[in-house]
Structures are given as structure tokens and as C-alpha cells.
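As a plain string of letters, each chain reads:
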Amino acid sequence: MPIYQTATFKQPGATEFGEYDYTRSGNPTRDALQNITSTLEGSIGAKSYAFSTGMAALNAVIRLVKSGEEVIVNDDSYGGTYRLMSKIATRHGITVTYVNMSGVDGPNSLLQRISPITKLVMIESPTNPMQRICDIQAIANICHSNNHPIGTLLSIDNTMMSPILSRPLLHGADIVIHSATKFMSGHADTMAGVVTVANKIDNDKSLSELIYFYQNAEGTGLAPFDSWLTLRGIRTMPLRVYKQQSNALVVATWLRSVDSIKRVIYCGFSDHPDYDIHSKQSSGGGCVICFTTNNLELSKHIVTTTKLFKITVSFGSVSSVISLPGQMSHASIPTEVRSVREFPEDIVRMSIGLESP
């Protein structure tokens, strides 16, 4: 697929229009990316839309919720998700409720809280960085049987797994969000987000029509060159993801032997508390590993002095990176909120790359 690096397209006539007219509304390179991501999700009739960032993709999904309706968010959510929901969504008259939907008790916790005004339920599985697991199918069943006038939608941020390791639409989710900056791009050289929606009607419009409307109306579609870079990354995504995952297992196993590390958090371990749930909806633990030391200063020292890994807030690239989420990617979540959620301030996150272990 060539890069259609253009803002406008020549039209056949003054009143006759071609397939494309303006890149904000559509571009062949972006369409190629959207088509291949739809295929990757494996659900018949699914449609994908590429956005300028993962947060732009997430915001487009929030647009599906009207003033007076509710969004229920898993309480162990990414810092950017918390900021968007608490600082922006609530200003539009949307009620935002946080519920722990992870583990075997998670679906029942949702069942106790969901109501007729709940339009959207948003989860991550595994969560970032605590790697708590949500039962996608069980939560989807609750959403779809809820007494909302047109049905409650289930959205999942699947960035931690990528479509190579997990396809949530096949387990009942209605919407899948990816920060394509991570595994899809794979080289930390572009920013992108993708929303994939199931073939489903919301009022008189399909979910795909609604997401496209917001992409076009708000001008958040991914630019042609960034679309091409993401397409390039997708070509090697299976090779990268499986190799990074195998490297991560080696590193995670070694970390368990280090005396100063008190807990290694990796959903690929068979003794992870929700391994059975995770293994039925994903094929592996991915490449992100977290650990705690029970000593914030020691964790800071490890992150600061590590020589082989760069300190960055992202993950999923070919290069291994390390970060202190409480001070970096999740700093937008107030300290008291992190405390209630049992978020360890000393937690260290590692994203394992393609280097030889």
C-alpha cells in the first residue's frame, strides 16, 4: 500500500464525487490499516477506525454515551483513562462509576452496580500495570442482559495483549480499543489508536457509523504517513509479540530469584490468581512484567540505574523499557485514589523487547 500523502483528492466534476475527497473524511492508506485491523480481530462484520492517538480512540468511544447516562469503569484503569473520565466525561453530564470487575468476583460486583442508565462498561484485561484479569464473556453477558433501553455496551482496552494474543470480540465484547502506538506500530516511532466495533446497532445507527461520524466530525483520523508506519509494524507483529512474550517469561522467571524483589506480577505464570480466566481468553501473558520491592526508594534506584533498559512511559516496542508507573504513566491518578485501589507506589513496570535474554 503506497502512502497517499495528500489532504485533498481530485473530483470527476463539480457535482460528481469520487470515493475520497478530503483526508479528514477518508484516505486509502488509513482505510488499508482499518481493513487489516478489522480482519485481525476475527469477528465477522467488525469495522475498525484509526485515530491520531490511543486517547483519541478512547474519547470517540465515550462519545457514544449521552448526558444522563452512566459509564462503569474497572477501578484498576490506565492513568489516562482516569483523567479522561474524571476531568472531561463528567463535565458532559455523564456519571462515571468505578467498580472492581476483575477476578472471579468481578462479574458479580458489576451485577450489583449496573443499572438501566448504564450505557457503557469499560474494562482492561490484563490491567496496566497490575495485570488483574476480567472475565470478558461473563461481563459481556451481564451487559447484554441489562435493562438499558437499547442495551449496555462492553468496551475493552486490549492494548496489553494485541490482537495476536487476544480477540475480545469473539468473547462477547462490543468494542475493542488499542493504543496502536504499542504493539501494532512496534517501533516507538508513531502514535496511533484503533477502535474496532462489532456489527451492532445502537438506536438507528450501527456502531461503525457512529464511530466514523465522530472520527470525521472531530478530525481525529490517523494521518496517512502514521497509517503507513502502523501498517509496516503490523506486518511483523506476530513475530515480535511471540518473541517478546518468550523473552518476558525468561526475565520474569529470573526476577523471582532476586532476593530484593518481593513480588513478580505476570499473568503468564500458572500461579497467577486469575490464570484460568486469562488463559481461556488469551494465548499467553504478553511482554509486560511488573514487580515490587516494598521499598519506594529501592524501586526508584533500580529504574534510574538500570543500564540495558531505557526509562520510558510506553511499552510494546522492539526495545526493552522500564518505568515507575506511580510517578509516570499513572501519576494523573491522585495518590489517595491509588491507595484505595491498592496500587503499590513501589511497583516497577518492564516491557520486554527483542533483545537476546
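For the structure itself, look to the data block above.
A brief report on the enclosed structure follows. Predicted model, so just to flag it, every value in this text is computed and none were measured.

### Focus: the packing of aromatic side chains
Turning to step 1, where the next piece is worked out: One pass over the structure, following the stated rule, counts seven aromatic pairs.
Turning to step 2, where the next piece is worked out: Judged by centre distance (6.0 Å) and plane angle (15°), the rings of Phe-225 and Trp-228 are stacked. Within this pair, Phe-225 and its partner Trp-228 are both found in helix α8 (residues 224-255), separated by three residues, close to a single helical turn.
Turning to step 3, where the next piece is worked out: Phe-225 sits in the partly exposed class, given a relative accessible area of 40%.
Turning to step 4, where the next piece is worked out: Lys-182 extends its terminal NZ or CZ atom over the ring of Phe-315, reaching a point 5.5 Å from the ring centre.
Turning to step 5, where the next piece is worked out: In this structure, Arg-256 packs its charged tip against the face of Phe-269, placed 3.8 Å from the ring centre.

### Examining the pattern of salt bridges
Turning to step 1, where the next piece is worked out: Under the criterion given, the structure shown has eight salt bridges.
Turning to step 2, where the next piece is worked out: Asp-76 serves as the salt-bridge partner of Arg-132, at 3.6 Å between the closest nitrogen and oxygen. Separated by 56 residues along the polypeptide, Arg-132 in the loop between β4 (118-124) and α5 (136-144) and Asp-76 in the loop between β2 (70-74) and α3 (79-87) bring together distant segments of the chain.
Turning to step 3, where the next piece is worked out: Look at Asp-76 and you get buried, because its relative accessible area is 3%.

### Looking at the sheet that holds strand β10 (residues 263-265)
Turning to step 1, where the next piece is worked out: Spatially, β10-β11-β14-β13-β12 is the arrangement adopted by the five strands of the open sheet, whose pairing is mixed. Each edge of the open sheet is held by one strand with a lone partner, namely β10 and β12 (310-311).
Turning to step 2, where the next piece is worked out: As judged from the four bridges shared by strand β11 (residues 288-292) and strand β14 (residues 348-351), these two strands associate in the antiparallel manner. Along β14, the bridge assignment pairs Val-288 with Ser-351.

### Considerations on the side chain of Thr-220
Turning to step 1, where the next piece is worked out: Relative to the elements of secondary structure, Thr-220 occurs in the loop between α7 (207-217) and α8.
Turning to step 2, where the next piece is worked out: Non-local contacts of Thr-220, meaning those with residues more than four positions away in its chain, are made with Ala-50, Phe-51, Ser-52, Ala-56, Tyr-214 and Gln-215.

### Digging into the nonpolar core
Turning to step 1, where the next piece is worked out: Met-237, Leu-255, Val-264, Ile-289, Phe-291 and Met-350 are the most contacted members of the largest nonpolar core, which has 44 residues in total.
Turning to step 2, where the next piece is worked out: Contributions of two or more residues to this core are made by α1 (28-41), α6 (162-165), α8, β10, β11, α10 (296-305) and β14.
Turning to step 3, where the next piece is worked out: Top contributing element to this core by residue count: α8, with eight residues.
Turning to step 4, where the next piece is worked out: Residues contacting Met-237, with those up to four places away along its chain left out, are Leu-40, Ser-162, Pro-163, Ile-164, Phe-183 and Met-184.
Turning to step 5, where the next piece is worked out: Core analysis: the second largest hydrophobic core is formed by 28 residues, Val-61, Val-65, Leu-120 and Ile-175 among them.

### A short note on the packing of helix α2 (residues 54-62) against α3
Turning to step 1, where the next piece is worked out: At their nearest, the axes of α2 and α3 sit 11 Å apart, and the two run at 40° to each other. The orientation of α2 with respect to α3, classified from their angle, is oblique. Crossing hand, α2 versus α3: right-handed. Counted together, Met-55, Leu-58, Asn-59 and Ile-62 of α2 and Gly-80, Thr-81, Leu-84 and Met-85 of α3 form the full contact between these two elements.
Turning to step 2, where the next piece is worked out: Along the lines of polarity and charge, the residues of the contact of α2 with α3 split into five nonpolar, three polar and no charged.

### Comments concerning the environment of Lys-262
Turning to step 1, where the next piece is worked out: In this structure, Lys-262 sits in the loop between α8 and β10.
Turning to step 2, where the next piece is worked out: Put simply, Lys-262 and Thr-293 are 31 residues apart on the chain and 5.1 Å apart in space, counted from C-alpha to C-alpha.
Turning to step 3, where the next piece is worked out: Beyond its immediate sequence surroundings of up to four residues, Lys-262 is in contact with Thr-292, Thr-293 and Asn-294.
Turning to step 4, where the next piece is worked out: A polar atom in the side chain of Lys-262 sits 3.4 Å from the backbone oxygen of Asp-259.

### A short note on helix α4 (residues 106-113)
Turning to step 1, where the next piece is worked out: Inspection of α4 places Gly-106, Pro-107 and Leu-110 among the buried residues, and these make up the whole buried set. Taken around the axis of α4, the buried residues stretch over an arc of 100°, which confines them to a single face.
Turning to step 2, where the next piece is worked out: Elements that come into contact with the buried residues of α4 comprise β2, β3 (95-99), β4 and α5.

### As for the pairing of β4
Turning to step 1, where the next piece is worked out: Most of β4 is tucked away: seven of the seven residues are buried.
Turning to step 2, where the next piece is worked out: Of the strand pairs in this sheet, β2 and β4 are connected by four bridges, and their pairing is parallel. If you follow Val-73 over to β4, its bridge partner there is Met-122.
Turning to step 3, where the next piece is worked out: Relative to strand β5 (residues 153-157), β4 runs parallel, the two sharing five bridges.

### Brief notes about the sheet that holds strand β1 (residues 47-51)
Turning to step 1, where the next piece is worked out: Strand order in the open sheet formed by seven strands is β1-β7-β6-β5-β4-β2-β3, and the pairing between neighbours is mixed. Each of the sheet's edge strands pairs with one partner strand only, and the pair in question is β1 and β3. With direction set aside, neighbouring strand axes in the sheet form an average angle of 20°.
Turning to step 2, where the next piece is worked out: Helix-sheet contacts for α3 involve β2, β3 and β4, and the interaxial angle to β3 is about 140°.
Turning to step 3, where the next piece is worked out: Each of β4 and β5 is contacted by α5, which is oriented at about 150° to β5, the strand it contacts most.

Reading the values: the criteria
Residues numbered from 1 in each chain as written. Predicted model: local features only at pLDDT ≥ 70, side-chain atom pairs only at ≥ 80, totals over all residues. Heavy atoms only, no water. Phe/Tyr/Trp six-rings, centres within 6.5 Å; stacked < 30°, edge-to-face > 60°. Helix = DSSP H or I, 4+ residues; strand = E, 2+ residues; numbered from the N terminus. Buried < 20%, exposed > 50% of the residue type's maximum accessible area, 1.4 Å probe, protein only. Lys NZ or Arg CZ within 6 Å of the ring centre and 35° of its normal. Salt bridge = Lys/Arg side-chain N within 4 Å of Asp/Glu carboxyl O. Pairing = 2+ DSSP bridges. Contact = heavy atoms within 4.5 Å. Core = buried A, V, L, I, M, F, W, Y, C linked by side-chain atoms within 4.5 Å. Axes fitted to C-alpha atoms, helices over the stretch in contact; angles between N-to-C directions. Parallel < 35°, antiparallel > 145°, perpendicular 65-115°, else oblique. Left-handed = near helix turned anticlockwise from the far one by under 90°. Nonpolar A, V, L, I, M, F, W, Y, C, P; charged D, E, K, R; others polar. Polar contact = N/O pair within 3.5 Å; in protein donor to acceptor, adjacent residues only side chain to side chain. Arc of directions from axis to C-beta.

Taken by themselves, the reported measurements are silent on function.
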